[in-house]
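So you can see what is in the structure, the chains are spelled out below.
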Amino acid sequence: MSKKLILLEHGSGGRASRSLIEELVLPAFSNPYLLPLGDGAILDPMSGRIAISTDSFVVDPIFFPGGDIGSLAVNGTVNDVAMCGATPTFLSAGLILEEGLPVDDLKKILSSMNKAAKRAGVLIVSGDTKVVPKGKADKIFINTTGIGIVPSGVDMGHHAICQGDAILLSGFMGDHGLAVMMLREGFEIASPLKSDTAPLHKLVQDCMAACRVHSLRDPTRGGGVGGALWEIARACGLGMVIQETSLPIRPQVESACDLFGLDPLFVANEGCFLAFVAKEDAKAAIRALKRNPLGRNAAIIGRVTQGNPGQVLMETRAGGTRVVTLPAGEFLPRIC
Amino acid sequence: MTINTAPYTDARIAARLADKIRRAVDAPVRLMEVCGTHTAAILRHGIVSLLPTEVRLISGPGCPVCVTSQGDLDSFIGLCADPKILSAVFGDMVRVPGSRTSLEAARANGADVRVVYSPLEAVHLAQRNPSKEVVFFGVGFETTAPAVAGAVLAARSRNLKNFSVYCSLKRISPALDVLFSESRNAVSGLLCPGHVSVVTGLDVYKPIALKYGLPCVVAGFMPVDILQGILMLLVQLREGRPRVENAYGRAVARKGNVLARQAMESVFDTCDARWRGLGLVPGSGLCFKKEISLFDALVRFGLCPKDGPEPRGCCCAGVLKGLVMPPQCPLYKKRCTPQHPVGPCMVSGEGACAAHYKYS
């Protein structure tokens, strides 16, 4: 490819498209499923229940401390499959490129996707690329779909959550949302933040090996930890109580949230998950999480109760109690 | 300079203050927290659950988004529809419903509406977009006014020809005078706004304390700050000596921020202003001096805001005066929710109705 910018012809299906696929995409994702460049990939037979998840990524800016839209697109879908209790194996990737996107930026993003896929142990086996006229998209949007097999005997979901269950959070909250927001708004602080985007399926497996896990959820955009708990409480009809003093949060995230009037409970995360386990299994689960570098800040943050059905209460730092409700409006737009 | 804020969120200190509050009160008492940030902080930290039932906290008119007149909002939204205009607003204003539409809806229809955290960002937008007319919606009280003044002075020093401010800034103390001259609302004490007081100092509350015999305490926003402020109000009531006290000494100086006020005085005159819920409040507005008219969006675009009727059933006026608690509004949680707000008190992060909905 001699051109420095992505042009409309790169999405038209002609020679320029072929050149983009052969010179940029294939070298980035080289594997035997993708190589034939067929309309789809034929996978080997799998036995067991298949979990499938899809997500689209429109984060702005596309490069940020800790990652970029490419690594986010891989990790995000890997994690959604992992939240089903499955081991993610294959991904597809659809790219929508804005005319004028620098080719170097695309190269960096594809390389980042490849690195993230290797780290997660998944293969990107099918894909698509479209180019839209300038102004009809913002730089690059990526959709990824992922599949994985759910081991037999695993039965997770909000239906399995029981009164008395412990609520665990596997790592610090608020890193991703704040990191992206600070960069976008051009703010700097003494201890820079970076996104916590990471593949969590091995951490999930460590947790599942330690005890029976009733439910998992990754608290990404759409309300972060607070929003996820609110939705789960309404879905399972049980109440929850969390302790503000137990929430794992970096001091600089807490201060930055205070400065901008944000509630860290509702800021997006990309490198942690919520787990619901029986009360008696909580300590074993925390020990297993902490043995993994991605889980070293794991904490028990609350419990499931029978009182206040469908509601999430928080015991505040000051010793009071308040209700945790999903806020309306856009929290932080284009965060993931 | 580092300030250790841990003591201000300490549960043991909070519990001791709560205990003193319980022993200081022997009859029902209504205290007004003037400032919307206090309303949100009180609910966010679960302060109400720490207080005895005799102490009732009611919200006042200190939510700048909530008290922005419908005429001003409609005027600004109308201006944004012009494709040459790039409007810069604080995030809270985006979803407030005007009489016909909102900035959020205008943005979805193609208006260039940008959320900023500081008025100076709007100046930067003007520099980066020379072909657009950048208009900043200046909504706020004395906390925000110095920053708006600073932005206008920066625009003037950079000789910007495409920047103006729609000034809807207000002064809190004249509104308190109107509020209590109408009726006392059976309010026994005022928790005064911490950040406004950083700029104004304490003396602005003296006329209120003297004229209406109201204990006034300036308080910060952390749980221990708020509880300390409440305790000091109750002690004043018990002593029968209403006065102005400062419980936020780490941020508020008696004389306030003189430099900030000087910046304001170089740019603004005081004028009458229309407050949603309170109507016309004499001397409560800030408007640009004649020599600043180049940056006055009202002059630049020949705008003449007119207030329309409030939505039927909306109790924001009563809520802002402390006469109605949000759950008492017939629309609360029924027709009026954060997803579909009818009035501004449900939209703003500092609105009493939004805070009640979110935290209780």
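Keep in mind that what you see is a predicted model, and the values were worked out from it rather than measured. (Residues numbered from 1 in each chain as written. Chains lettered and ligands numbered in written order. Predicted model: local features only at pLDDT ≥ 70, side-chain atom pairs only at ≥ 80, totals over all residues.)

Trainee: I keep staring at the overall build of chain A and nothing clicks. Help me out?
Mentor: Along its length, chain A carries eight helices and 13 strands. Relative to the globule expectation of 20 Å for 336 residues, the C-alpha radius of gyration of chain A, 21 Å, shows essentially globular dimensions. The principal-axis extents of the C-alpha atoms in chain A amount to approximately 65 × 50 × 30 Å. The buried share among the 336 residues of chain A stands at 51%. When contacts within chain A are restricted to residue pairs at least 6 apart in sequence, long-range pairs at least 24 apart make up 85% of them. (Helix = DSSP H or I, 4+ residues; strand = E, 2+ residues; numbered from the N terminus. Rg over C-alpha atoms; globule rule 2.2 N^0.38 Å. Buried ≥ 20, exposed ≤ 12 C-beta atoms within 10 Å, placed from the backbone. Contact = placed C-beta atoms within 7 Å.)

Trainee: Would you mind showing me how to read the domain arrangement of chain A here?
Mentor: How big an interface is tends to be stated in terms of the accessible area lost upon association of its parts. All names here are of chain A. Each domain of chain A was delimited in the assignment, giving domain 1 (8-150) and domain 2 (158-324). Using only C-alpha atoms to locate each centre, domain 1 and domain 2 end up separated by 28 Å. Facing the 21 residues of domain 1 at the interface are 22 residues of domain 2. Those elements that provide at least two residues to the side of domain 1 that touches domain 2 are helix H2 (69-82), strand S4 (87-98) and helix H3 (103-120). (Domains from an automatic or database assignment.)

Trainee: Sorry, what's going on with the packing of helix H1 (residues 11-24) of chain B against helix H11 (residues 223-239) of chain B here?
Mentor: Packed helices, taken two at a time, are described by the angle between their axes plus the distance between the axes. Residues and elements named next belong to chain B. The N-to-C vectors of H1 and H11 enclose an angle of 20°; their axes lie 9 Å apart at closest approach. Classed by the angle they form, the pair H1 and H11 counts as roughly parallel. Judged by the sense of rotation from one axis to the other, the crossing of H1 with H11 is left-handed. Between H1 and H11, the residues in contact are Ile13, Ala14, Leu17, Ala18, Lys20, Ile21 and Ala24 and Pro223, Val224, Leu227, Gln228, Ile230, Leu231, Leu234, Val235 and Arg238, respectively. Tallied by class, residues from the contact of H1 with H11 come to 13 nonpolar, one polar and two charged. (Axes fitted to C-alpha atoms, helices over the stretch in contact; angles between N-to-C directions. Parallel < 35°, antiparallel > 145°, perpendicular 65-115°, else oblique. Left-handed = near helix turned anticlockwise from the far one by under 90°. Nonpolar A, V, L, I, M, F, W, Y, C, P; charged D, E, K, R; others polar.)

Trainee: Got a minute to help me understand the domain arrangement of chain B in this structure?
Mentor: Residues and elements named next belong to chain B. By the assigned domains, chain B splits into domain 1 (25-309) and domain 2 (316-359). The interface of domain 1 with domain 2 comprises 25 residues on the first partner and 21 residues on the second. For the side of domain 1 that touches domain 2, the secondary structure elements donating two or more residues are helix H2 (36-44), strand S2 (55-62) and helix H3 (64-67). If you tally residues by element for the side of domain 1 that touches domain 2, the top one is H2, at six residues.

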